[in-house]
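Summary of structural features
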Amino acid sequence: MARTNDTPNIPIVNFSAFVNGVKEEQERVARQIDDAFREVGFVYLKHHGIPKEKVEECFSWSKKFFALPMETKMLAPHPPSGAHHRGYSAPGLEKVTQHQYEKDEIARSREVPDYKESYESGNVNDEAQPNIWLPEDKLPGFRTFMESYFEDCATLIHRILDALSIALSVPPPGLSPTHSRSLFQLRLLHYPSIDAEQLKNEKRSRINAHSDFGTMTLLFQDDVGGLEVEDPEHPGNFSHAGPIEDAVLVNIGDLMMRWSNDRWRSTVHRVGLPPPKTVTIPGPGVNTEGHRNGEKVVPLENENGAVVPDRYSIPFFATADMDTVIEALPGTWGKDKPKKYEPVTAWGYVQMRMAMTYEE
Ligand SMILES: O=C(O)CCC(=O)C(=O)O
Ligand SMILES: [Fe+2]
């Protein structure tokens, strides 16, 4: 199995072998994903089934959306409460918190503002959280595309759940029916360009260190980079988890960690300064430092007045149906591995975390 060069070595798995393979192939891929989620909580899936052109199209819609004037984007505003997580959030509105239930700790984690804007949409049939669209004439075709992309992502989540069910020997129909799509959420994220100085000195962040709180997240990212994943064995050590062509990054969220009795890790991640970029230095004789001809690696933060370019990413968050009782799954507990957590419904858990994200 391929690995990324960065630690904590996020495995790269060919998912078509699961979708199209015979039983043995499926079991092999399921084991690879299981191992990845046990080790780092993240996996890159190649050949995941969503056509490359469609992923690119989603990024181009996202760019068009965020390029609209603020007053137009505000025609689809995110409601003030975290309980209805749909629509447009302007930069500075959402603050990410991490496992902090004490009020003063939440306040402290909000001292560094996230510099991003986002647009959220969900299942068209979700009556609890109806979608908040722009008037169609403001961006014709946007809604139709997003509804279709949502379906593609939901389908992929169900296939990954099938793989996880095989890994745990959950009998058919497995975990898939616990995700009726009611709580899925497609998020468009835009991190405006920013002075490298600000990110470096932590005056601002793109997204603060956090873990996701649902069951699983799909993450599509552009080629700017800056996503970092914590090494679960060495808290505080982060490594870059940059884009890999034609692959989607998939990670476990807190609810799934709990559901799996901590077999799978919900790993902390954040978005900050991209890794050192390569700039081309013109003229001969620049190869004395061992770099490829004509190129020299210049750490972005060392460039005077360097600006980190805009970054776009597209996470798709999955959560179990709200009435699902999250209690150690079969195969994740036993005599020598007792259940670690009290049962909780998915809905109760999500509401608690959402309230923490938006509450004053
Ligand atoms: O933009 C990214 O790459 C990460 C986004 C993320 O972690 C999130 O929205 O939860
Ligand atoms: Fe995240």
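Each residue is numbered by its place in its chain's sequence as written, counting from 1. The order in which chains are written sets their letters, starting at A; the order in which ligands are written sets their numbers, starting at 1. With pLDDT at 70 or above as the cut-off, local features in this predicted model cover only qualifying residues; side-chain atom pairs require 80 or more to be listed or tallied, and sums for whole chains, interfaces and linings still use all residues. Excluded from the side-chain calculation are hydrogens and water; included are all heavy atoms of the structure.

Going by what an unreviewed UniProt entry lists, the protein is known as Fe2OG dioxygenase domain-containing protein and is assigned to Paraconiothyrium brasiliense. Under Sequence similarities (unreviewed entry), UniProt gives the following word-for-word description of the protein: "Belongs to the iron/ascorbate-dependent oxidoreductase family." UniProt positions are given in the numbering used here, feature names are shortened, and annotations may be inferred rather than shown by experiment.

**Notes on the overall build of the protein**
In terms of regular secondary structure, the protein is built from nine helices and 19 strands. Remark: exposure states derive from per-residue accessible area (1.4 Å probe, protein chains only) relative to the maximum for the residue type, with buried under 20%, exposed over 50%, and partly exposed in between. Across the 360 residues in the protein, those meeting the buried criterion constitute 52%. In this analysis, two residues are considered to be in contact whenever any of their non-hydrogen atoms come within 4.5 Å of each other. For the protein, long-range pairs separated by at least 24 residues make up 77% of all intrachain contacts whose partners lie at least 6 apart in sequence. Method for areas: the Shrake-Rupley scheme with a 1.4 Å probe, in which residue coverage is limited to the protein chains shown. With the model as given, the accessible surface of the protein reaches about 16,500 Å², and the carbon-plus-sulfur share is 51%. Only DSSP runs of H or I with at least four residues qualify as helices, and only runs of E with at least two residues qualify as strands; both kinds are numbered from the N terminus onward.

**A look at the side chain of K54**
Its location among the elements puts K54 in helix α3 (residues 52-66). If sequence neighbours within four positions are ignored, K54 has contacts with F145, S148, Y149 and D152.

**What to know about the coordination of the iron ion (ligand 2)**
Distances from the iron ion (ligand 2) to its protein donors, H210 (NE2), D212 (OD) and H269 (NE2), fall within 2.1 to 2.2 Å. As a rule, N, O and S atoms within 2.8 Å of a metal are its donors, except that Na, K and Ca use 3.2 Å; water is not among the atoms, so sites may look incomplete. Sequence positions of the residues that donate to the iron ion (ligand 2) give the spacing H-x1-D-x56-H. Residue H210 is located in strand β8 (residues 207-210), and its partner H269 is located in strand β13 (residues 269-271); the two are separated by 59 residues in the primary sequence.

**Some points on the pairing of strand β10 (residues 227-230)**
Of the two faces of β10, the one holding L227 and V229 and the one holding E228 and E230 are both buried throughout. By the convention used here, strands pair only if DSSP detects at least 2 bridges between them. The pairing of β10 with β13 spans three bridges and is antiparallel. Looking at the pairing, E228 lines up with R270 of β13.

**What to know about the environment of V124**
Its place among the elements puts V124 in the loop between β5 (117-122) and α6 (142-168). Note: C-alpha distance between V124 and E245 (121 residues apart in sequence) is 30 Å. Excluding its chain neighbours within four sequence positions, the residues that come into contact with V124 are N131 and E147.

**Concerning the sheet that holds strand β11 (residues 238-240)**
An order of β8-β13-β10-β11 is seen for the four strands of this open sheet, with the pairing classed as antiparallel. One side of each edge strand has no neighbouring strand; the edge strands of this open sheet are β8 and β11. Here the strands of the sheet are splayed against their neighbours by 25° on average, with no regard to which way each runs. For β8 and β13, the ladder comprises two bridges, and the chain directions are antiparallel. Residue H210 lies in a different strand from β13, and its bridge partner there is H269. Each axis is a line fitted through C-alpha atoms, taken for helices only over the stretch in contact, and angles between the N-to-C directions span 0 to 180 degrees.

**Structural notes on the site of ligand 1**
Near residues are defined by distance, with any heavy atom within 4 Å of the molecule or strand qualifying the residue. Around ligand 1, the surrounding shell holds 14 residues, and the nearest of these are R187, Y191, H210, R311 and S313. Between ligand 1 and the protein, one listed contact pairs an oxygen atom with a side-chain N or O atom of H210 at 3.0 Å. Within the side chain of R311, an N or O atom sits 2.8 Å from an oxygen atom of ligand 1. If ligand 1 stood free it would expose 290 Å²; the protein chains cover 97% of that surface. Of all the elements in the fold, those that place two or more residues in the shell around ligand 1 are β6 (185-191), β8, β13 and β17 (311-318). Polar contact is defined as a pair of N or O atoms within 3.5 Å, subject to the rule that within protein one atom must be able to donate a hydrogen and the other to accept it, and that residues adjacent in sequence are counted only when both atoms are side-chain atoms.

**Details of the packing of α3 against α6**
α6 packs onto α3 with a crossing angle of 140° between their chain directions and a minimal axis gap of 11 Å. What the angle tells us is that α3 and α6 run oblique. You can see that α3 and α6 cross each other, and the crossing is left-handed. Note on element contacts: α6 touches α3 through F142, F145, M146, S148, Y149 and D152, opposite K54, V55, E57, C58, W61 and F65. Think of it as three bins: nonpolar holds Ala, Val, Leu, Ile, Met, Phe, Trp, Tyr, Cys and Pro, charged holds Asp, Glu, Lys and Arg, and polar takes everything else, Gly as well. Residues that form the contact of α3 with α6 fall into these classes: eight nonpolar, one polar and three charged. Any angle from 65 to 115 degrees is called roughly perpendicular, while one under 35 is roughly parallel, one over 145 is roughly antiparallel, and all others are oblique. Each helix crossing is assigned a hand: it is left-handed if the near helix lies turned anticlockwise from the far helix by less than a right angle, otherwise right-handed if that turn is clockwise.

**Side note on the nonpolar core**
Formed by 67 residues in total, the largest nonpolar core has its most connected members in Y149, L218 and F220. With 14 residues, the top contributor of residues to this core is α6. Each residue touching Y149, except ones within four places of it in the same chain, is listed here: I50, K54, V55, C58, L186, F220 and I314. I12, L227, A241 and V271 belong to the second-largest nonpolar core, a separate cluster that totals 15 residues. Residues belong to one nonpolar core when they are buried, are Ala, Val, Leu, Ile, Met, Phe, Trp, Tyr or Cys, and are joined through side-chain atoms within 4.5 Å.

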